[in-house]
Amino acid sequence: MKADAVRGHLDGLLLAVLEPGPLHGYAIITAVQRRSAGALELRTGTVYPALNRLERIGLLRSSWDSTGERKRRRYELTDAGRRALADERTAWQAFTAAIGSVLDPAPHPGHAG
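Remember, it's a predicted structure, so these values are computed and weren't measured experimentally.

## Quick look at unusual backbone geometry
Now for step 1: Phi at Ala37 is positive, roughly 55°, even though this residue is not glycine.
Now for step 2: Take Ala37: it is sitting in the loop between helix H3 (25-35) and helix H4 (44-56).

Structure below.
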């Protein structure tokens, strides 16, 4: 899938994969790839700056997690992040409905195209 297709939806994707619980950066990338059946492959150079920005604006919080010998930053949704995710979902539904009505118009009874 084209990288342009994700532009504008990255925040929603990141918030959605964090909804079930905290994850570290690589696990976030893997979750997006898994949930999209491999169609979306996000780059670390795209994801980490977005995570930092979402944390700066209060939608995520992070903490250091020491698993074995590795220290990794784990990200989780804040209450504001959960509200933002709900808003993203509403906006996405409206967007896909509008685009869908243009790309694949439903036939109208009694109206010949």
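Once the structure has been displayed, the description carries forward.
## Concerning the UniProt feature "domain: Transcription regulator PadR N-terminal" (unreviewed entry) in the protein
Now for step 1: Here, UniProt's "domain: Transcription regulator PadR N-terminal" (unreviewed entry) annotation points to residues 14-86.
Now for step 2: Across residues 14-86, helical content stands at 51% and strand content at 25%; the span's end C-alpha atoms are separated by 13 Å.

## Points about the nonpolar core
Now for step 1: Of all hydrophobic cores here, the largest spans 23 residues; its most connected members are Leu14, Leu15, Leu18, Ile28, Leu42, Leu51 and Leu60.
Now for step 2: For this core, the secondary structure elements donating two or more residues are helix H2 (10-18), H3, H4, strand S3 (70-77) and helix H5 (79-103).
Now for step 3: Broken down by element, this core gets its largest block of residues, six residues, from H2.

## So, the side chain of Ser36
Now for step 1: Mapped onto the secondary structure, Ser36 falls in the loop between H3 and H4.
Now for step 2: Engagement of the side chain of Ser36 in a polar contact is seen with the backbone nitrogen of Leu40, the distance being 2.9 Å.

## Things to note about the packing of H2 against H4
Now for step 1: Here H2 crosses H4 at 80°, and the two axes come no closer than 10 Å. For the element pair H2 / H4, the angle class is roughly perpendicular. Every residue of H4 that contacts H2 at Leu10, Asp11, Leu14, Leu15 and Leu18 is listed here: Thr46, Val47, Ala50, Leu51, Arg53 and Leu54.

## Looking at the pairing of S3
Now for step 1: In this sheet, S3 lies alongside strand S1 (residues 23-24) in antiparallel orientation, the contact comprising two bridges. Its bridge partner being in S3, His24 is matched across the sheet by Arg74.
Now for step 2: Two strands pair when backbone bridges link them, and strand S2 (residues 60-67) and S3 are joined in this way by eight bridges, in the antiparallel orientation. Across the sheet, the residue bridging to Thr67 is Arg70, located in S3.
Now for step 3: In this structure, the hairpin formed by S2 and S3 is closed by a connection of two residues, where Gly68 is found at a positive phi of approximately 65°.

## Overview of the environment of Tyr26
Now for step 1: Along the polypeptide, Tyr26 turns up in helix H3.
Now for step 2: The exposed category is assigned to Tyr26, whose relative accessible area is 57%.
Now for step 3: Counting along the chain gives 17 residues from Tyr26 to Arg43, while the straight-line C-alpha distance between them is 9.8 Å.

Cut-offs used in this document
- Residues numbered from 1 in each chain as written.
- Predicted model: local features only at pLDDT ≥ 70, side-chain atom pairs only at ≥ 80, totals over all residues.
- Heavy atoms only, no water.
- Helix = DSSP H or I, 4+ residues; strand = E, 2+ residues; numbered from the N terminus.
- UniProt positions renumbered as here; feature names shortened; annotations may be inferred.
- Core = buried A, V, L, I, M, F, W, Y, C linked by side-chain atoms within 4.5 Å.
- Buried < 20%, exposed > 50% of the residue type's maximum accessible area, 1.4 Å probe, protein only.
- Polar contact = N/O pair within 3.5 Å; in protein donor to acceptor, adjacent residues only side chain to side chain.
- Axes fitted to C-alpha atoms, helices over the stretch in contact; angles between N-to-C directions.
- Parallel < 35°, antiparallel > 145°, perpendicular 65-115°, else oblique.
- Contact = heavy atoms within 4.5 Å.
- Pairing = 2+ DSSP bridges.

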